Amino acid sequence: MRFDWRAISGPALTAITALAAFLIDRLIVAVPNPAPLFVCIVALASSVSGITSGLISAAIAVVASALFFLDHRALPGYDTADVARMLMLVATTAGTAVITGMLRQKWIDAFAAEQQHHATAARLAAALDQVDIGIVLLDADTRAEFINRAFRDYFALSDAQAESKPPFVALMYHGRDTGAYELPEDELSAFVAKRIEMMRAGDSTPINLNLADGQVLRFSCTALPDGGRMLSYTPVTDLVRHTDDPAKADEYRAQRAGRERHLAQLLRAAE
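Reading the values: the criteria
- Residues numbered from 1 in each chain as written.
- Predicted model: local features only at pLDDT ≥ 70, side-chain atom pairs only at ≥ 80, totals over all residues.
- Heavy atoms only, no water.
- pLDDT = per-residue confidence, 0-100.
- Helix = DSSP H or I, 4+ residues; strand = E, 2+ residues; numbered from the N terminus.
- Buried < 20%, exposed > 50% of the residue type's maximum accessible area, 1.4 Å probe, protein only.
- Pairing = 2+ DSSP bridges.
- UniProt positions renumbered as here; feature names shortened; annotations may be inferred.
- Core = buried A, V, L, I, M, F, W, Y, C linked by side-chain atoms within 4.5 Å.
- Contact = heavy atoms within 4.5 Å.
- Phe/Tyr/Trp six-rings, centres within 6.5 Å; stacked < 30°, edge-to-face > 60°.

As recorded in an unreviewed UniProt entry, the chain goes by PAS-domain containing protein and comes from Bradyrhizobium septentrionale.

Take a look at the structure:
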C-alpha cells in the first residue's frame with residue numbers, strides 16, 4: 001500500500017504547531033493564540049491534498065485553540081466572547097478548507113483537460129504527417145500554427161523554418177525564392193500577390209499549382225471560425241494530365257472533392 005504523505009501533512013503540521021505553541025507558552029514565553037496560523041495551515045493542507053485533509057486540519061486547529069483559550073483564562077470555563085471567537089474560528093477554518101479544496105480540484109480538472117487537449121493535438125499532428133496532402137493551419141494573424149510533413153516536402157521547407165511559425169506571406173516567398181513553382185520569372189510576383197489576396201479574403205475557390213518538379217497540387221483555402229485559415233495542397237498530378245479524357249473531368253473533380261471531404265471529417269473528429 002502506497003503511503004500518501006500529502007494526506008497527513010496538513011493534519012500533522014497543525015498538530016505540531018499546536019504542540020509547539022503549548023510548550024513555548026508553558027516553558028519559555030507567553031504567546032498569542034495561534035489561530036491565524038492555523039488558518040494558513042488549513043489552506044495549505046487543502047491545496048496539497050484536498051478538502052478532507054483541510055477539514056481534518058481545521059478540526060485539530062479548533063480543538064487546539066479551544067484548549068489554548070481555556071489555558072489562558074483565570075477562571076475555568078468559557079465566556080460569551082470565547083464562544084464567539086471559537087465559532088468564528090470554526091467558520092473560518094472550515095470555509096478555508098472547502099474553498100481552497102474546490103479551487104484545487106478546479107485547477108486539477110483544468111490541467112487534466114489541457115493535457116488531454118495537447119495529447120489529442122499531438123495525435124492529430126502525427127496523423128496529418130502521414131497523409132500526402134499538404135496541410136497548413138494559419139491563425140487569425142495568418143501565421144502558420146501547424147505545417148505537416150507533406151507540405152514541407154513539397155516546398156523544401158526545413159523543420160526549423162516550419163516550427164518558427166512563419167506568416168503565409170513568408171511561405172509564398174519561400175516557394176518563389178526556391179523555384180518551387182513552374183512559372184516564368186516575370187509572373188511569380190503577381191502569382192504570389194494573388195494567392196495572398198485570395199487567402200486573406202478566405203476565397204475557397206480551388207486552383208491547381210504546377211510545381212517545377214512536375215507535380216500538380218490542388219490548393220484550397222478554408223476559412224475557420226476563429227479567423228484562421230486551413231490550407232490544403234492535394235496532389236492531383238495524375239488527375240490533370242493533358243492526355244486525360246476531357247469527358248471524365250467530372251469524375252476527376254469528384255475524386256478530388258472526396259479526398260478533401262475526408263480530410264475535413266478527420267479534422268472535425270479530432271476537435
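Moving on from the coordinates now.
**Q** Describe the confidence of the model for the chain, naming the residues involved and giving the relevant values.
**A** On average, the chain scores 82 in pLDDT, and the residues at 70 or more come to 82%. Ranking the helices and strands of the chain by mean pLDDT puts strand 1 (residues 134-138) first, with 93, and helix 9 (residues 249-270) last, with 51.

**Q** Could you give an account of the pairing of strand 1, with specific residues and numbers?
**A** Across the five residues of strand 1, four count as buried, placing the element largely inside the fold. As judged from the five bridges shared by strand 1 and strand 5 (residues 229-235), these two strands associate in the antiparallel manner. Considered in strand 5, the bridge of Val136 is made with Leu231. When strand 1 meets strand 2 (residues 144-147), the two strands line up antiparallel, connected through three bridges. Bridging across to strand 2, Val136 finds its partner in Ile147. Count of turn residues in the strand 1/strand 2 antiparallel hairpin: five residues, of which Thr142 carries a positive phi of about 65°.

**Q** Summarise the UniProt feature "transmembrane region" (unreviewed entry) in the chain; cite the residues concerned and give the values.
**A** The feature "transmembrane region" (unreviewed entry), as annotated in UniProt, sits at residues 12-31, 37-70 and 82-103 in this numbering. When the span residues 12-31 is considered, its composition is 80% helix and 0% strand, and the gap between its end C-alpha atoms is 21 Å.

**Q** Help me get a handle on unusual backbone geometry, residues and values and all.
**A** Phi at Ala156 is positive, roughly 50°, even though this residue is not glycine. Tracing the chain through its elements places Ala156 in the loop between helix 5 (149-154) and helix 6 (159-163). Despite not being glycine, Lys165 has its phi angle at roughly 55°, a positive value. Tracing the backbone through its elements, the reader meets Lys165 in the loop between helix 6 and helix 7 (168-177).

**Q** If you had to explain the nonpolar core to someone new, which residues and values would you point to?
**A** In terms of nonpolar packing, the biggest core is built from 29 residues, with Val136, Ile147, Phe151, Phe155, Phe168, Leu231 and Tyr233 touching the most fellow members. Within the residue set of this core, elements represented by two or more residues are strand 1, strand 2, helix 5, helix 7, helix 8 (185-201), strand 3 (207-210), strand 4 (216-223) and strand 5. At six residues, helix 8 tops the list of elements feeding residues into this core. Residues in contact with Phe168, not counting those within four places in the same chain, are Leu138, Thr142, Arg195, Ile196, Met199, Leu231 and Tyr233. Val39, Val62, Ala66 and Met86 belong to the second largest nonpolar core, which has six residues in total.

**Q** Let's hear about the packing of aromatic side chains: which residues, and what values?
**A** Scanning the model with the defined rule gives seven aromatic pairs in all. Plain terms: the ring middles of Phe155 and Tyr233 are 5.6 Å apart, the flat faces sit at 75° to each other, and that makes the pair edge-to-face. Note that Phe155 is positioned in the loop between helix 5 and helix 6 and Tyr233 in strand 5, a separation of 78 residues in sequence. Each residue in the set Phe151, Phe155, Tyr181, Phe191, Phe219 and Tyr233 is aromatic and connected to the rest through ring pairs, giving one cluster.

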